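# Survey of secondary and tertiary structure
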Amino acid sequence: MSEKLNQLKEILGVVSDLNHAGSVLSWDQQVNMPPGGGEARGQQLATLGKISHEKSTSDEVGKLLDELKKEFTGSDSDESAMIRVAARNYDKATRVPAEFVAEQSIVTTAAFEAWVEAKGKSDFSIFRPHLEKVVGLVQKYISFFPPADHPYDILLDDYEPGMKTAEVQEIFGSLRPKQVELIKQISSAKQVKDDFLHKKYNEKKVWDFSEIIIGRFGYDFSRGRQDKAAHPFETSFSVDDVRITNRFEPENPLATFFSGMHESGHAMYEQGVNPAYERTPLAGGVSSAVHESQSRMWENLVGRSLPFCEQFLPELKKTFPSQLEDISAKSFYKAINKVEPSLIRVNADEATYNLHIMLRLELEIEMIAGRVAIKDLPEIWNAKMRETLGITPPDDAHGILQDVHWSYGLFGYFPTYALGNLVSTQLWEKINKDIKDLDEQIRKGKFDSLLGWLREKIHIHGHKYDPQDLVQRVTGSKIDSAAYVRYLTKKYSEIYGL
Ligand code: MG
């Protein structure tokens, strides 16, 4: 193997260690850290980020990449893919000054703390000055790059390499009227009963049951753990340490199951990447949309399917006999798939979810263009909720403050959630061709051939193939909405008798 390749791998290995150490600190910030630790933690993260940035943008890395690009082009080898991904990361990182990275880290750490407080008190004015700073930084970030077809392309590319805003708008543009029409049909159909989902459920029993489910799916607890946090998320420090968080909402107790399934879907992806890619740019899931396709698959295509309810309800009834007395698998299935325009994105049903995303995409584009004043956001948000879903948030916590993303400066991320939904159904159609008795397996609580399929086709490859190429390789087409529309129409026609 080339001596230069070894030198590059050595440096990028150190960068990977620094970044993962930063992830441990961020995880701790959200899971364990007392509120007083915020300022010091911001400093620590900034320092790690600065060192990592300096190392990954050094002239030495640039020189090595230039030489290695000549040696490893065009082949399908791991080395060639690694050089391609490393060169793209290098090109991006060298455009962004180290001081900017440090400033961003300090600003977003403070913004996160403010967001927690603002959401707790349901008061946007606490978060507002922080969000103004964050948006300013996002605009500055865009200015470091050559002009794109759309300024938002630069943000999107960080989460979905190669994807263009125009492509997303086209996909959303064709999807939106179909979803709106479906919701209209559903709203005039006979409604389903779901009162038993909102009875009192014991928190510890729900939590433990969520771990039984995801353990059975294949989430490896010897290389992972589930902790409590304000917002469910997945984070990985290596292929052998992939963690998730979850929460318990008394008014929506069974949401813990679905958040657990969702985050474990992300985590199983990370646990399944080729271990040979550790400490290289090929480690980890390839893009946010492909990642989200994995989480949404386990949450919705498996967890909200009738075969799964048939498998899982009898056991659930043993744990919660009084809450679920006389409930059949069919009525449980209908209840967990009830369609109802609702305020909170993460709890939205599959028919309305993508509309929450479209709203956020519109707002982000307006914010980075400076076409909206941050102080007006709560009102604009509420107006858009009325226009999109016909409901008005009663307060900021259930409106503009519900998501953590903007406090982190994650602009360009939201669209990938909806794209992930689309990819999950594109993959699902293919999986059902390859595994003919998948429903029967799920009904028996067997998930190993499904996970094996995902491991082989998606997980193992890490970053080796670009996301659109990976989807094309596996399904035969790029990301589009046709499979999702087929899936929604079939599912809800049965549930609501449309
Ligand atoms: Mg997710």
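Residues numbered from 1 in each chain as written. Predicted model: local features only at pLDDT ≥ 70, side-chain atom pairs only at ≥ 80, totals over all residues. Heavy atoms only, no water.

### Description of the sheet that holds strand 2 (residues 234-238)
- The strand order across the open sheet built from three strands is 1-3-2, with neighbouring strands paired in mixed fashion. Pairing within the sheet leaves two strands with one partner each, and these edge strands are strand 1 (226-228) and strand 2. Adjacent strand axes in the sheet meet at a mean angle of 30°, parallel and antiparallel pairs treated alike.
- Alignment of strand 1 against strand 3 (residues 241-246), held across three bridges, turns out to be parallel. From the neighbouring strand, Gln226 faces strand 3, where its bridge partner is Ile244.
- Set on the sheet, helix 1 (residues 3-31) makes contact with strand 1, strand 2 and strand 3; between it and strand 2 the angle comes to about 140°. (Pairing = 2+ DSSP bridges. Helix = DSSP H or I, 4+ residues; strand = E, 2+ residues; numbered from the N terminus. Axes fitted to C-alpha atoms, helices over the stretch in contact; angles between N-to-C directions. Contact = heavy atoms within 4.5 Å.)

### Remarks on the coordination of the magnesium ion
- Donor atoms from the polypeptide that coordinate the magnesium ion comprise His262 (NE2), His266 (NE2) and Glu292 (OE), at 2.2 to 2.3 Å from the metal.
- Binding-site remark: the magnesium ion is held by donors from one chain whose sequence spacing is H-x3-H-x25-E. With His262 and His266 both in helix 10 (residues 255-271) and four residues apart, the pair spans about one turn of that helix.
- For His262, a relative accessible area of 9% translates into the label buried. (Donors = N, O, S within 2.8 Å, 3.2 Å for Na, K, Ca; no water. Buried < 20%, exposed > 50% of the residue type's maximum accessible area, 1.4 Å probe, protein only.)

### Focus on the domain arrangement of the protein chain
- As far as domains go, the protein chain holds domain 1 (3-147) and domain 2 (165-496).
- Computed over C-alpha atoms, the centres of domain 1 and domain 2 are 26 Å apart.
- With 40 residues of domain 1 in contact, the opposing surface of domain 2 contributes 42 residues.
- Taking both sides of the interface into account, the surface hidden between domain 1 and domain 2 amounts to around 3600 Å²; carbon and sulfur atoms contribute 64%.
- On the domain 1 side of the interface with domain 2, the three residues burying the most area are Trp27, Trp115 and Phe124, jointly 19% of the side's total.
- At the surface where domain 1 touches domain 2, the tally comes to four salt bridges.
- Between Asp78 and Lys464 there is a salt bridge, with the nearest N and O atoms lying 2.9 Å from each other.
- Counting every contact that joins domain 1 to domain 2 gives 17 residue pairs in polar contact (both at pLDDT 80 or more).
- Of all the elements in the fold, those that place two or more residues in the side of domain 1 that touches domain 2 are helix 1, helix 4 (78-95), helix 5 (98-121) and helix 6 (124-143).
- Here the element with the most residues in the side of domain 1 that touches domain 2 is helix 1; it accounts for 12 residues. (Domains from an automatic or database assignment. Buried area = accessible area lost by both parts, 1.4 Å probe. Salt bridge = Lys/Arg side-chain N within 4 Å of Asp/Glu carboxyl O. Polar contact = N/O pair within 3.5 Å; in protein donor to acceptor, adjacent residues only side chain to side chain.)

### Topic: the nonpolar core
- Counting 127 residues, the largest nonpolar core has Phe257, Phe332, Phe411 and Ile431 as the members making the most contacts within it.
- No other element matches the 10 residues that helix 14 (residues 353-368) contributes to this core.
- Counting only domains with at least three residues in this core, you end up with domain 1 (3-147) and domain 2 (165-496).
- Those residues within four positions of Ile431 in sequence are excluded, and the remaining contacts are Met297, Leu438, Leu450, Trp453 and Leu454. (Core = buried A, V, L, I, M, F, W, Y, C linked by side-chain atoms within 4.5 Å.)

### A look at the pattern of salt bridges
- Scanning all chains against the criterion turns up 39 salt bridges.
- Here Asp466 makes a salt bridge to Arg84, at a shortest N to O gap of 3.2 Å. Of this pair, Asp466 sits in the loop between helix 18 (448-457) and helix 19 (467-475) while Arg84 sits in helix 4, placing them 382 residues apart in sequence.
- By relative accessible area, Asp466 is classed as buried at 19%.
- What emerges from the salt-bridge pattern is a single network uniting Arg84, Arg88 and Asp466.

### What about the pairing of strand 3?
- Within strand 3, five of the six residues are buried, leaving the element largely enclosed by the surrounding structure.
- The turn joining strand 2 and strand 3, which pair antiparallel and follow one another in sequence, is formed by two residues.

### Notes on the packing of aromatic side chains
- Per the stated rule, a full pass over the model turns up 28 aromatic pairs.
- Relative to Phe332, the ring of Phe312 has its centre 5.9 Å away and its plane inclined at 55°; by these criteria the two rings are tilted. Of the two residues, Phe312 is situated in helix 12 (residues 306-319) and Phe332 in helix 13 (residues 329-336); the sequence distance between them amounts to 20 residues. Each member of the pair, Phe312 as well as Phe332, is classed as buried.
- In this structure, Arg304 packs its charged tip against the face of Phe258, placed 4.0 Å from the ring centre. (Phe/Tyr/Trp six-rings, centres within 6.5 Å; stacked < 30°, edge-to-face > 60°. Lys NZ or Arg CZ within 6 Å of the ring centre and 35° of its normal.)

### Notes on the side chain of Ser424
- Mapped onto the fold, Ser424 is located in helix 16 (residues 414-434).
- Not counting residues up to four positions away in its chain, the partners in contact with Ser424 are Ser293, Arg296, Met297 and Leu301.

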